[in-house]
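Chain and residue survey
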Amino acid sequence: MKNILNLIKINFISLFKNMFGINKRKKATGFLGTAILLLVVMYLAFGSTMNSFAMILSEVGYMDYLLFMGAILSFAFVLFFITYEAQSYFFKTKDFELLSSLPIKNSHIVIAKYTSVLLSAYLYSSFILFPTFVVYFMYVPFNFGLLLLFLLGFLFFPLVPMALGTLFGLIISLITSKLKFSNVISIILFVLIFVLYFVLYFYMNNFVSSITQGGQNLLNSLQYYLPSVVWFFTGFVQGNVLYIFLDIILALAVSGITITLLSLLYKKINFNLLKVAKPKVKGEISFKKKSVSASLLKIEAKRFLSYPSYVLNSCFGLIFMLVIPFFFKFAVFSGEGMEEIALELATIIPIITICINAMLAGMTNTTASSISLEGKQIAFLKSLPIKPSKIYFNKILFNNLLAIPVIIVSNIINLILFFEYFNVFSGIFLFLVPILAVLSVSTFGLLINLLMPKFNFENVNQVIKQSVCVLIILLLAMVLGIVPMIISFYIPALNLNLFLIIYALLYLILFIVSIAILKIKGEKLYSKLKI
């Protein structure tokens, strides 16, 4: 027990040190402020979605089922992200060799790491459940007893999707640890899971219709497939004591099974992942001369594909960009009465489409963590006879080569599906603004990473997902995408052409300013980089 507590303590200290342990107080305060703003944006985004469902359910007297919908979305959200993160928490960690050499049981190591995963599960679950509960009490009288039951249920609810997500991550690691192209297979599997969650999230309108036609029948049918969600709703929302106990027992049982399996396979999978196959050389070894830029781009691509979490964290915006046009065309605008609404919004549909694409393009950012991911190799990189400007250029170029082809394909799809809403001018800016967004945000991301690098990390997720640089870029992309959309809603007489010109200039100014700072301060910042 003492070993478990000590390991948990070390994990939490390491976690908070990596998140908040920034040398300068101003930078630490900035990180905390950015994290809080990002959380607020997430809560508001999910809250607005749940509010749209609540308006429908309140009219037919099924408001309780809003909490049921929130529980389903939260379950899927936790399941996806824990599946995505489990590998980096338990496998391919820098501390494995040290921990495996110490006289500590596998189960103790796993329980300590599992506790860290639990923090993430609570955070992901809160993104949907907390806004859902706030929206619920906007439509029904406040009930203190229900609030207490909900908080108690929240302590146990994330355990089941977290355990299942960890098991899926374990299975993926077990399979891919023996395969040659393990990272590519992992990326494909995670992208498929991501698309499935996206489909579930945006087909909640059909779910609302099912509830209005017969909520209890829906509960009875789903009990066989999602017992955790149904028991949570029946027990903690409707106050059935039996289902409260059943939900708690299920949560603890599934968690126990998961920890046991992880303990049995923890070292086996990690040792398989550490094995490096010796390349078979046939004939003479030949060397091909390559340009510096080609070599740097190849290094960026290899590093990018080496970490599935890096790929998904950088590319989820591109995935959304390809899926959203089809969703709006065949799921939203195909609904009853939606054609009339679309005609009323015809003047701002180009603005909404361009703003969404610009936001998603800005979120596609590899540069905000590319300097930090150099890690201990930064000293070697600095010793090479390569100008810093050449390194910067290729890091930014890689990000743009990744994003711009997808932007072009996505916007061709948008023009085909929604051609009646675009003229020649808005059609040109449909391509121009997202491309400017990628150029500006990728350049700004590199600049931010130069100012606040993080070379000492135990897990790549600490750089890819938890670093202040990534949080700043996510927040910037959201603000530059959401604020103009809000303006377009509240100023209906807005001149479309003038708006698009100003919007494009905003990204262009950000790009020029970032380039100018890199040109003036770039070499000095590069010389200061050290572990």
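Residues numbered from 1 in each chain as written. Predicted model: local features only at pLDDT ≥ 70, side-chain atom pairs only at ≥ 80, totals over all residues. Heavy atoms only, no water.

**Some thoughts on the overall build of the protein**
Secondary structure summary: the protein contains 22 helices and zero strands in total. For the protein, the proportion of its 531 residues judged to be buried stands at 53%. Taking as baseline every contact in the protein between residues at least 6 positions apart, the subset at least 24 positions apart corresponds to 85%. About 26,200 Å² of surface is accessible on the protein, with carbon and sulfur atoms providing 71% of the total. (Helix = DSSP H or I, 4+ residues; strand = E, 2+ residues; numbered from the N terminus. Buried < 20%, exposed > 50% of the residue type's maximum accessible area, 1.4 Å probe, protein only. Contact = heavy atoms within 4.5 Å. Areas by Shrake-Rupley, 256 points an atom, 1.4 Å probe, with all protein chains shown as cover.)

**Looking at empty space enclosed by the protein**
According to the stated counting rule, one finds three cavities of 30 Å³ or more in the structure shown. The volume enclosed by the second largest cavity comes to roughly 100 Å³. Every residue along the wall of the second largest cavity is listed here: Asn313, Ser314, Phe316, Met363, Asn365, Ala368, Ser369, Ile464, Val470, Ile473 and Leu474. Put simply, the parts of the chain that give the lining of the second largest cavity at least two residues each are helix 13 (308–332), helix 16 (367–370) and helix 21 (468–490). (1 Å grid on protein atoms, 1.4 Å probe; cavity = no way out; pocket = protein on both sides within 12 Å on 5 of 7 lines; lining within 4 Å. Points joined across faces, edges and corners; volume = space filled by probe spheres on them.)

**Examining the side chain of serine 125**
Tracing the sequence through the fold places serine 125 in helix 5 (residues 106–139). With relative accessibility at 0%, the residue serine 125 sits in the buried group. Here serine 125 is in contact with Ser74, Val78, Phe154, Phe157 and Pro158, once residues within four sequence places are set aside.

**Digging into the nonpolar core**
Leu66, Phe90, Tyr136 and Met162 are the most contacted members of the largest nonpolar core, which totals 74 residues. Broken down by secondary-structure element, the contributors of at least two residues to this core are helix 2 (25–60), helix 3 (64–90), helix 4 (96–101), helix 5, helix 6 (144–156), helix 7 (159–176), helix 10 (227–237) and helix 11 (241–274). Element by element, the count of residues in this core is highest for helix 3, at 18 residues. Not counting chain neighbours up to four residues away, the residues in contact with methionine 162 comprise Val78, Ile82, Tyr114, Val117, Leu118 and Ala121. One finds Ile324, Leu373, Phe422 and Leu500 within the second-largest nonpolar core, a separate group that totals 66 residues. (Core = buried A, V, L, I, M, F, W, Y, C linked by side-chain atoms within 4.5 Å.)

**A closer look at a nonpolar patch on the surface**
Together, Val479, Ile482, Val483, Ile486, Ile487, Phe489, Tyr490 and Ile491 give the surface a local cluster of nonpolar side chains, amounting to about 720 Å² of exposed area. One can find isoleucine 482 in helix 21. Classification of isoleucine 482 as partly exposed rests on a relative accessible area of 30%. (Patch = residues over 30% accessible without salt bridge, like charges linked within 9 Å, V, L, I, M, F, W, Y side chains within 5 Å. Salt bridge = Lys/Arg side-chain N within 4 Å of Asp/Glu carboxyl O.)

**Description of the packing of aromatic side chains**
Taken as a whole and judged by the stated rule, the model has 27 aromatic pairs. Aromatic pair tryptophan 231 and tyrosine 243: ring centres 6.5 Å apart, planes at 50 degrees, arrangement tilted. Here the residue tryptophan 231 occupies a position in helix 10, and tyrosine 243 occupies one in helix 11, the gap between them amounting to 12 residues. For the pair formed by tryptophan 231 and tyrosine 243, the shared burial category is buried. Centre to centre, the rings of phenylalanine 304 and tyrosine 310 are 5.3 Å apart; their planes meet at 65 degrees, and the pair counts as edge-to-face. (Phe/Tyr/Trp six-rings, centres within 6.5 Å; stacked < 30°, edge-to-face > 60°.)

**Concerning helix 12 (residues 292–306)**
Since one α-helical turn is 3.6 residues long, residues separated by three or four positions face the same way. For helix 12, spanning 15 residues, the distance from its first C-alpha to its last is 21 Å, which sits close to the expected 21 Å at 1.5 Å a residue. Of all the residues in helix 12, the buried ones are Ser293, Leu296, Leu297, Glu300, Arg303 and Phe304. End-on view of helix 12: buried residues confined to an arc of 125 degrees, all on one side of the axis. (Expected span 1.5 Å × (residues − 1). Arc of directions from axis to C-beta.)

**Things to note about the pattern of salt bridges**
Enumeration over the complete set of coordinates arrives at four salt bridges. We note a salt bridge from glutamate 300 to arginine 303, for which the minimum N-O separation is 3.2 Å. Here the residue glutamate 300 and the residue arginine 303 both occupy positions in helix 12, the gap between them amounting to three residues, near one helical turn. Just as glutamate 300 is buried, arginine 303 falls in that class too. In this structure, glutamate 300 engages lysine 395 in a salt bridge whose closest nitrogen and oxygen atoms are separated by 2.6 Å. A residue pair is termed long-range when its members are at least 10 positions apart, and glutamate 300 in helix 12 and lysine 395 in helix 18 (residues 388–417) qualify at 95 residues. Classification of lysine 395 by relative accessible area gives buried; the value is 2%.

**Let's talk about the environment of alanine 71**
Here alanine 71 shows up in helix 3. Sequence-wise, alanine 71 and serine 228 are 157 residues apart; in three dimensions their C-alpha atoms are separated by 9.4 Å. Contacts of alanine 71, omitting those with residues within four sequence positions, involve Leu129, Phe157, Val229 and Phe232.

**Overview of the side chain of threonine 364**
Within the secondary structure layout, threonine 364 lies in the loop between helix 15 (349–363) and helix 16. Judged by its relative accessible area of 1%, threonine 364 falls in the buried class. Separated by 3.1 Å, the side chain of threonine 364 and the backbone oxygen of leucine 360 make a polar contact. (Polar contact = N/O pair within 3.5 Å; in protein donor to acceptor, adjacent residues only side chain to side chain.)

**Points about the environment of glycine 375**
Among the structural elements, glycine 375 can be located in the loop between helix 16 and helix 17 (378–383). Residues glycine 375 and asparagine 456, spaced 81 residues apart in sequence, show a C-alpha to C-alpha distance of 6.8 Å.

**Regarding the packing of helix 6 against helix 10**
Direction vectors running N to C along helix 6 and helix 10 enclose 145 degrees, while the axes themselves pass 9 Å from each other. Between helix 6 and helix 10 lies a crossing whose hand is right-handed. Contacts between helix 6 and helix 10 involve Leu146, Leu149, Phe150, Leu152, Gly153 and Phe154 on the former and, on the latter, Phe232, Phe236 and Val237. Along the lines of polarity and charge, the residues of the contact of helix 6 with helix 10 split into eight nonpolar, one polar and no charged. (Axes fitted to C-alpha atoms, helices over the stretch in contact; angles between N-to-C directions. Left-handed = near helix turned anticlockwise from the far one by under 90°. Nonpolar A, V, L, I, M, F, W, Y, C, P; charged D, E, K, R; others polar.)

**Description of the packing of helix 3 against helix 10**
Interaxial distance between helix 3 and helix 10 falls to 10 Å at its minimum, and their mutual angle equals 140 degrees. Helix 3 and helix 10 meet at a crossing whose hand is right-handed. Residues Asp64, Tyr65, Leu67, Phe68, Ala71, Ile72 and Phe75 of helix 3 form the contact with helix 10, whose participating residues are Ser228, Val229, Val230, Phe232, Phe233 and Val237.

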